[in-house]
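# Topology and contacts: notes
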Amino acid sequence: MKAVRYDAIVVGSGAAGGMAAYKLSKAGLKVLLLEAGPDKDPRRENFHHKMPFDLALRGAMSPQERDRYRLNKSANVYNKHVMMEDAEEPYSTPPGKPFTWVRSRVVGGKTLHWGRFSLRFSDLDFQAASRDGYGVDWPIRYAEIAPYYDFVERLIGVAGTREGLPQLPDGVFQPAVPLRCGEHQLRQGCEKLGLHLIPARVAVVTRPDFSRPKCHYCGYCGRLCCTGSMFSTRVSLIPMAAATGNLTLRPNSMVRVVLADKEGRARGVAFVDRLTRKEYEVAARVVVLGASCLESTRLLLNSRLGNSSGELGRNLCEHIMAAKISGFAPRLAGKMPAYAEDGHPGAGYIPQFQNVTAREKDFIRGYSFECSSGVSDYPGFAHGLEGFGAAFKKRVKELYPAMVTMETNGEVLARRENFVEIDPDGARDPYGIRTLRIHETFGENELRMVTHMNEKADPRTSVLDPFNRCHDVPNLLVVDGAAFPSATALEPTLTIMALAARACDHWVKQPG
Amino acid sequence: MRRREALGLVALPGLAAPAWKPDVLSEPQNRTVETLAELILPRTDTPGARDAQVNRYIDRMLKEGLDSAGRQAFLEGLAALDEQCAKRFGHAFVELAESRQVALLEEMSAARHPFFQQMKNLTLRGYYTSREGLLQELQYQGNRAYENYPGCTHPEHLK
């Protein structure tokens with residue numbers, strides 16, 4: 001490696017690390033961004049515009065391929081080249097408690113194929129514990145983070161509408177994408193129930209005069225965006241950081257430990273090159289971890305740092321996507337849309353409506369629905385219809401444009417008995433780095449994990465301070481979902497970026 | 001066949017591709033699969049499973065797409081179907097009158113017979129991912145680009 005003196009080392013290049021790298025390089029620091037995975041440009045390496053009949057096995061993975069991604073259930077033929085194979089980074093779970101961990105190891109991380117939902121948390125979330133007595137409040141209030149939400153939305157581009165809802169603060173929006181017929185049908189039903197169905201707030205460019213091209217609504221964003229209209233750090237923050245001349249991006253760099261000096265300050269990191277297996281050490285004034293909730297925790301545990309409180313790895317909880325409800329809008333049966341509907345970058349959203357003003361008797365916190373409709377490249381619902389023959393075929397065709405779906409988003413409450421630890425049996429990954437054992441009693445719950453360093457002011461009960469600094473190691477920042485004191489029922493990515501930006505600003509002003 | 005398609009070649013008389021042969025299914029099994037698929041998704045005013053060569057898709061899936069348990073279940077189910085037909089009617093499934101074939105499938109469908117379910121699932125998958133099923137039958141028109149997303153344009157849907 002070049003003998004450059006770095007001011008900052010950022011570990012991980014997804015939402016958290018990408019934002020830290022952007023903020024610090026903009027502030028004039030020389031930044032080394034270490035990403036464990038390879039570099040793949042989603043604008044070039046995607047299979048978006050292939051029809052199923054153009055793909056081997058019509059787009060299904062072979063049994064051998066499926067075996068390689070048994071734990072990483074979101075992997076499919078369109079995204080598997082940016083998803084991580086199970087064997088690349090094993091982890092263990094106690095008997096009978098399986099845990100699904102969606103992982104990408106690539107420049108940009110999960111932002112290459114994320115759901116794009118960009119929602120602000122409100123004080124209902126930050127002060128949830130004060131309201132219902134469960135868990136801990138966040139150490140910040142909406143007014144403190146609001147300017148950072150503004151900043152992130154301006155930078156990445158978020159389409160949405162201003163609605164004036166207390167549980168979902170408005171932001172700086174680009175024009176929302178019009179709803180389809182199906183979402184309008186759902187919206188009418190919602191209105192009868194007194195609920196709001198609003199256009200989804202998604203990180204996709206819809207304005208012609210932005211730093212990235214406007215969306216052309218070509219197909220499924222999750223199959224990787226060929227225009228770069230969908231936000232990923234790979235097409236946005238990382239190139240912007242590189243343009244400052246202060247960023248060095250090093251892909252295929254698997255960080256082993258954070259190195260500390262005698263005074264207990266971070267002095268740098270040790271990493272292994274995934275391809276050559278060569279070991280390196282690199283020094284900097286500050287180390288920023290944004291490797292994902294569980295990977296950053298693993299790194300600290302393996303470094304034996306930051307755990308004087310004993311809280312590190314505790315209170316594992318998730319933002320989950322649980323039940324999916326589907327049905328047919330009778331008015332839409334047999335009415336094919338005049339255009340290709342499936343390129344909608346994010347459809348409808350029903351914000352939390354429980355425990356907003358009135359209190360629910362039976363449960364605390366809340367849930368929301370992501371709503372979707374319209375024709376797709378496969379009528380999966382047909383497998384659930386009874387019968388066969390000409391009448392069956394006709395029915396499939398009629399219902400094809402009428403499908404509407406609602407998917408719940410909920411919160412798994414933080415509990416001490418849900419935790420991660422370094423595998424007590426000494427298991428190691430292919431690079432010789434010790435792996436995690438994950439204890440969670442919610443089994444199959446997928447998706448983004450947040451919370452487990454419990455950001456709080458009191459160093460006896462938390463790992464991080466309110467500016468994401470490690471209480472024990474003042475020049476070590478953790479800026480990903482690991483910092484969240486509770487998961488909330490909202491998609492975490494926008495808040496991860498806002499908090500990462502805020503933590504880096506604070507560090508630049510008051511280096512620890 | 002595949003390579004010819006990829007090269008955009010048109011079959012000319014005297015230059016015909018070698019006849020397709022199943023890799024996993026026997027010829028009689030292939031005929032049964034073809035018949036079953038066409039009963040599940042028949043040709044109507046639009047193409048059916050036979051037009052979409054769903055039997056070829058199923059043979060390919062048996063070869064490369066299903067795990068060994070899935071493949072075994074399918075082949076055993078196919079054999080059991082003919083055995084049952086021989087016992088009850090003295091003929092293999094393909095030799096029965098269509099009305100009898102349909103009645104048999106109705107029985108299996110009502111009972112959620114595992115082989116019927118597997119055969120139906122494979123047929124749906126093969127048909128609706130084919131050109132005939134996706135483009136001609138369903139009129140799917142993906143892979144377009146738009147300056148502005150049209151959204152719902154029906155005033156009656158807003159009421």
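A short tour of the structure in this document, coming up. (Residues numbered from 1 in each chain as written. Chains lettered and ligands numbered in written order. Predicted model: local features only at pLDDT ≥ 70, side-chain atom pairs only at ≥ 80, totals over all residues.)

## Comments concerning the overall build of chain A
Scanning chain A from N- to C-terminus turns up 10 helices and 16 strands. For chain A, the C-alpha radius of gyration of 23 Å lies close to 24 Å, the compact-globule estimate for 512 residues. In terms of its C-alpha atoms, chain A occupies a principal-axis envelope of roughly 75 × 55 × 55 Å. Expressed as a percentage of the 512 residues in chain A, the buried residues total 51%. Residue pairs in contact within chain A that sit at least 24 positions apart in sequence constitute 71% of those at least 6 positions apart. (Helix = DSSP H or I, 4+ residues; strand = E, 2+ residues; numbered from the N terminus. Rg over C-alpha atoms; globule rule 2.2 N^0.38 Å. Buried ≥ 20, exposed ≤ 12 C-beta atoms within 10 Å, placed from the backbone. Contact = placed C-beta atoms within 7 Å.)

## Let's talk about the overall build of chain B
A tally of regular secondary structure across chain B gives 7 helices and 0 strands. When the helices and strands of chain B are listed from N to C terminus, the series reads α-α-α-α-α-α-α. Counting across all 159 residues of chain B, residues that qualify as buried make up 33%. Contacts spanning at least 24 positions in sequence make up 57% of the contacts within chain B whose residues lie at least 6 apart.

## Things to note about the environment of alanine 347 of chain A
Residues and elements named next belong to chain A. Within the secondary structure, alanine 347 sits in the loop between β9 (317-328) and β10 (348-350). Once the C-alpha coordinates of alanine 347 and alanine 483 are considered, the two residues, 136 residues apart in sequence, prove to be 29 Å apart. The contact partners of alanine 347, leaving out residues within four places of it in the chain, are Leu179, Arg180, Glu183, Ala200, Cys371, Ser372 and Ser373.

## Describing the environment of glycine 313 of chain A
Residue and element names in this part refer to chain A. Along the chain, glycine 313 turns up in the loop between α8 (293-303) and β9. The class for glycine 313 is buried, based on 25 C-beta atoms found within 10 Å. In the structure, glycine 313 is positioned 13 residues away from leucine 300 in sequence and 9.4 Å away in space, judged by C-alpha atoms.

## Some words on the interface of chain B and chain A
Taken together, the 38 residues of chain B in the interface contact 40 residues of chain A. Where the side of chain B that touches chain A is concerned, the elements lending two or more residues are α2 (27-40), α3 (54-65), α5 (98-110), α6 (114-128) and α7 (131-137) of chain B. With 5 residues, the top contributor of residues to the side of chain B that touches chain A is α6 of chain B. Across the side of chain B that touches chain A, the residue classes tally to 18 nonpolar, 13 polar and 7 charged. (Nonpolar A, V, L, I, M, F, W, Y, C, P; charged D, E, K, R; others polar.)

## Considerations on the nonpolar core
Note on soluble globular proteins: their nonpolar side chains tend to be buried together. In this structure, Ile9, Ala21, Val479 and Ala500 of chain A are the most contacted members of the largest nonpolar core, which totals 133 residues. Per element, the largest residue contribution to this core is 10 residues, and it comes from helix α10 (residues 493-509) of chain A. In contact with alanine 500 of chain A, other than residues within four places in its own chain, are Ala16, Met19, Ala20, Gly290 and Val479 of chain A. Among the nonpolar cores identified, the runner-up in size contains 37 residues, and Ile40, Leu41, Leu62 and Leu78 of chain B belong to it. (Core = buried A, V, L, I, M, F, W, Y, C linked by C-beta atoms within 7 Å.)

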